[in-house]
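These are the residues of each chain, in order.
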Amino acid sequence: MNASGIFTRGSVEQIRQAEVFFVTPRNFLYDMNRLSKEDWLMIQDEDQSAAERITLGTMEPMSGAEDVARMLVNESGRNTQNGRYSDLDVCAIIDNEFLPKYKKASVYQLPESQKDLIARELNADRKVSKKQINRCLYFYDKL
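The structure presented is a predicted model; accordingly, all values stated were derived computationally and were not measured.

Participant: Account for the overall build of the chain, naming residues and giving values.
Facilitator: Along the backbone of the chain there are nine helices and zero strands. Written out in order from the N terminus, the α and β elements of the chain read α-α-α-α-α-α-α-α-α. With the C-alpha coordinates of the chain rotated into their principal frame, the extents come out at 65 × 50 × 25 Å. A buried classification covers 21% of the 143 residues belonging to the chain. A separation threshold of at least 6 residues defines the contact pool for the chain, and within that pool the share at least 24 residues apart is 36%. Of note, the chain has its 20 positive side-chain charges centred 9 Å away from the centre of its 22 negative side-chain charges.

Shown next as structure tokens:
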């Protein structure tokens, strides 16, 4: 922290240690963007300087095996899907998850307060578009 009470980069970053590890900014960027493939594990095995191999599982100890597998699949960034849900998907989510939760047989039976809760959750948690929500929650247009 400096005299003005502001945290400096040196107080939160170990710059010297990073320079020793990576030597150049280019090496740092390479390692930060390198995918976690089998060749990375083989390099670690050849190096033999670390007591334990570094994997996504060791870096994310609270994640289960299926979470780590999904992280590896998503690592390349090629699995993004714009407009991930079709209208039928959104309507099925409402029918299968929310209607039983609110003990209703149809979206027509939902009061506005419950439609508000459903719309907010779909929009915030599942990134469903407002137009799709409005189409699937019939005559709902508050978002």
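Participant: Just give me the short version of the pattern of salt bridges, but keep the residues and values in it.
Facilitator: Note that side chains of opposite charge can pair when their charged atoms are close. Inspection of every chain in the model, using the stated rule, returns five salt bridges. In this structure, R135 and D87 form a salt bridge, with 2.6 Å as the shortest nitrogen-oxygen distance. Here R135 is found in helix α9 (residues 130-136), whereas its partner D87 is found in helix α7 (residues 87-101), with 48 residues between them in sequence. Residue R135 is classed as partly exposed on the basis of its relative accessible area, which comes to 42%. Residue class for D87 comes out partly exposed when judged on its relative accessible area of 28%.

Participant: For the nonpolar core, give the residues involved together with the corresponding values.
Facilitator: Counting residues in hydrophobic clusters, the biggest one holds 17 residues, and the most contacted among them are V90, I94, F98, L110, I118, L122 and L137. Elements represented by at least two residues in this core include exactly α7, α8 (112-125) and α9. Counting residues per element, this core draws most heavily on α7, which supplies six residues. Sequence-distant contacts of I118, defined by excluding residues within four places in its chain, comprise I94, F98, Y102, L110 and L137.

Participant: How would you summarise the environment of I93 if you had to cite specific residues and measurements?
Facilitator: Mapped onto the elements of the fold, I93 is located in helix α7. Look at I93 and you get buried, because its relative accessible area is 10%. For the pair formed by I93 and D39, sequence separation is 54 residues and the distance between their alpha carbons is 40 Å. Ignoring any residue separated from it by four or fewer positions in sequence, one finds I93 in contact with Y85, F98, L122 and R126.

Participant: I'd like a rundown of unusual backbone geometry, residues and numbers included.
Facilitator: For V23, which is not glycine, the phi torsion reads 65 degrees and is therefore positive. With respect to the helices and strands, the residue V23 is situated in the loop between α2 (15-22) and α3 (25-33). For V23, a relative accessible area of 64% corresponds to the exposed category. Phi is positive for K127, close to 55 degrees, though the residue is something other than glycine. Take K127: it is sitting in the loop between α8 and α9.

Rules of the game
- Residues numbered from 1 in each chain as written.
- Predicted model: local features only at pLDDT ≥ 70, side-chain atom pairs only at ≥ 80, totals over all residues.
- Heavy atoms only, no water.
- Helix = DSSP H or I, 4+ residues; strand = E, 2+ residues; numbered from the N terminus.
- Buried < 20%, exposed > 50% of the residue type's maximum accessible area, 1.4 Å probe, protein only.
- Contact = heavy atoms within 4.5 Å.
- Lys, Arg positive; Asp, Glu negative; His and termini not counted.
- Charge placed at Lys NZ, Arg CZ, Asp CG, Glu CD.
- Salt bridge = Lys/Arg side-chain N within 4 Å of Asp/Glu carboxyl O.
- Core = buried A, V, L, I, M, F, W, Y, C linked by side-chain atoms within 4.5 Å.

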